[in-house]
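Structural characterization, general
Listed here are the chains, written in short residue letters.
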Amino acid sequence: MRAPRADAARNRDQLLAVATRVFASADEEPSMRAIAREAGVGIATLYRHFPTRESLVDAVYRDQVMRLTTGARELLGQLPPAAAMRRWMDLFGDWIATKSGMLDTLHAMIESGEIAHAQTRSELLAAITTMLDAGRAAGDLRSDVTAEDIAASLIGIFTVAPRREQEARAGRLLDLLMDGLHPAARPT
């Protein structure tokens, strides 16, 4: 199979970026036509790259998961572990927000087995564990916290303070979570 032409790959990447943005800002699932319009392309161009809504949702979902997993490593390469963890929490919030505009399709795809939810969960927990391990080694993060603890906390925060509607509140709650992740000061 031949690799796509450079312009076709750029078009696909642009459609993916626009779809991600549209899904993140939508209260309900946007139409494929609305996504094509927002991208400034015809509906046929969108369907040439993503023949079904499910193929578009799958591509956006996989792209976001990849950004979260590679983002953890990249952030650790740029920042101290605790700062990397906090910045990664913002990426997680963006991922949650993106899912809001594709929730019905995403649920149907998970139910049908088209998307392996367990695999995604494992990938995200591994990314969190990588940051926790680095933070423990640096003395920045508590040693008694698990990746599952962080994931559950993040889901709770973004359930009560969805990114789009309450970004300031979500940020404050994330900062409080980070405060709780720092090791207690040892008495001198």
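Since we're looking at a predicted model, the values are computed, not measured.

Points about the overall build of the protein
Counting its regular elements, the protein contains nine helices and zero strands. Listing the helices and strands of the protein from first to last along the sequence gives α-α-α-α-α-α-α-α-α. Judged by the C-alpha coordinates and their principal axes, the protein covers about 70 × 35 × 30 Å. The burial tally for the protein puts 40% of its 188 residues in the buried class. For the protein, contacts bridging at least 24 residues in sequence account for 67% of all contacts bridging at least 6. Accessible area of the protein: about 10400 Å², with a carbon and sulfur share of 53%.

Comments concerning the environment of lysine 99
In this fold, lysine 99 is placed in helix H5 (residues 81-99). Put simply, lysine 99 and alanine 26 are 73 residues apart on the chain and 9.6 Å apart in space, counted from C-alpha to C-alpha. Beyond its immediate chain neighbours, meaning those up to four positions away, lysine 99 contacts Tyr61 and Leu106.

A word on the packing of aromatic side chains
Applying the stated criterion across every chain, the model contains four aromatic pairs. Aromatic side chains tryptophan 88 and phenylalanine 92 sit 5.7 Å apart centroid to centroid with 40 degrees between the ring planes, which places their arrangement in the tilted category. Residue tryptophan 88 and its partner phenylalanine 92 are located together in helix H5, separated by four residues, close to a single helical turn. Owing to a relative accessible area of 0%, tryptophan 88 belongs among the buried residues under this scheme. Assessed through its relative accessible area of 4%, phenylalanine 92 is described here as buried. Grouped by ring-pair contacts, the aromatic residues Tyr61, Trp88, Phe92, Trp95 and Phe158 constitute a single cluster. Residue placement shows lysine 99 over the ring face of tryptophan 95; its charged tip is 4.1 Å from the ring centre.

Comments concerning the pattern of salt bridges
By the definition in use, this model includes eight salt bridges. With a shortest N-O distance of 2.8 Å, aspartate 58 and arginine 62 are connected by a salt bridge. Of the two residues, aspartate 58 and arginine 62 both sit in helix H4 (residues 53-78), four residues apart, roughly one turn of that helix. We classify aspartate 58 as buried; its relative accessible area is 17%. Using a relative accessible area of 47% as the deciding quantity, one classes arginine 62 as partly exposed.

Observations regarding the nonpolar core
Core analysis: the largest hydrophobic core is formed by 52 residues, its most contacted members being Leu56, Met85, Trp88, Met89, Ile150, Leu154 and Leu181. Every element with two or more residues in this core is listed here: helix H1 (6-25), helix H2 (32-39), H4, H5, helix H6 (103-112), helix H7 (117-138), helix H8 (147-160) and helix H9 (167-181). Take this core: its biggest share by element is nine residues, from H4.

Here we look at the layout of surface pockets
Size it by volume and the largest pocket reaches roughly 420 Å³. As for the largest pocket, its lining consists of 22 residues, of which Trp95, Ile96, Lys99, His117 and Ile155 are closest to the centre. Looking at the lining of the largest pocket, the elements with two or more residues in it are H5, H6, H7 and H8. Of the residues belonging to the lining of the largest pocket, the class tally is 14 nonpolar, five polar and three charged. Estimates place the volume of the second largest pocket at around 170 Å³.

Here we look at the side chain of threonine 120
In this fold, threonine 120 is placed in helix H7. What makes threonine 120 buried here is its relative accessible area of 7%. Of note is the side chain of threonine 120, whose polar atom sits 3.3 Å from the side chain of tyrosine 61. Leaving out residues up to four positions away in the same chain, threonine 120 has contacts with Tyr61, Val65 and Trp95.

So, how was this worked out
- Residues numbered from 1 in each chain as written.
- Predicted model: local features only at pLDDT ≥ 70, side-chain atom pairs only at ≥ 80, totals over all residues.
- Heavy atoms only, no water.
- Helix = DSSP H or I, 4+ residues; strand = E, 2+ residues; numbered from the N terminus.
- Buried < 20%, exposed > 50% of the residue type's maximum accessible area, 1.4 Å probe, protein only.
- Contact = heavy atoms within 4.5 Å.
- Areas by Shrake-Rupley, 256 points an atom, 1.4 Å probe, with all protein chains shown as cover.
- Phe/Tyr/Trp six-rings, centres within 6.5 Å; stacked < 30°, edge-to-face > 60°.
- Lys NZ or Arg CZ within 6 Å of the ring centre and 35° of its normal.
- Salt bridge = Lys/Arg side-chain N within 4 Å of Asp/Glu carboxyl O.
- Core = buried A, V, L, I, M, F, W, Y, C linked by side-chain atoms within 4.5 Å.
- 1 Å grid on protein atoms, 1.4 Å probe; cavity = no way out; pocket = protein on both sides within 12 Å on 5 of 7 lines; lining within 4 Å.
- Points joined across faces, edges and corners; volume = space filled by probe spheres on them.
- Nonpolar A, V, L, I, M, F, W, Y, C, P; charged D, E, K, R; others polar.
- Polar contact = N/O pair within 3.5 Å; in protein donor to acceptor, adjacent residues only side chain to side chain.

Nothing here speaks to function; it is all geometry.
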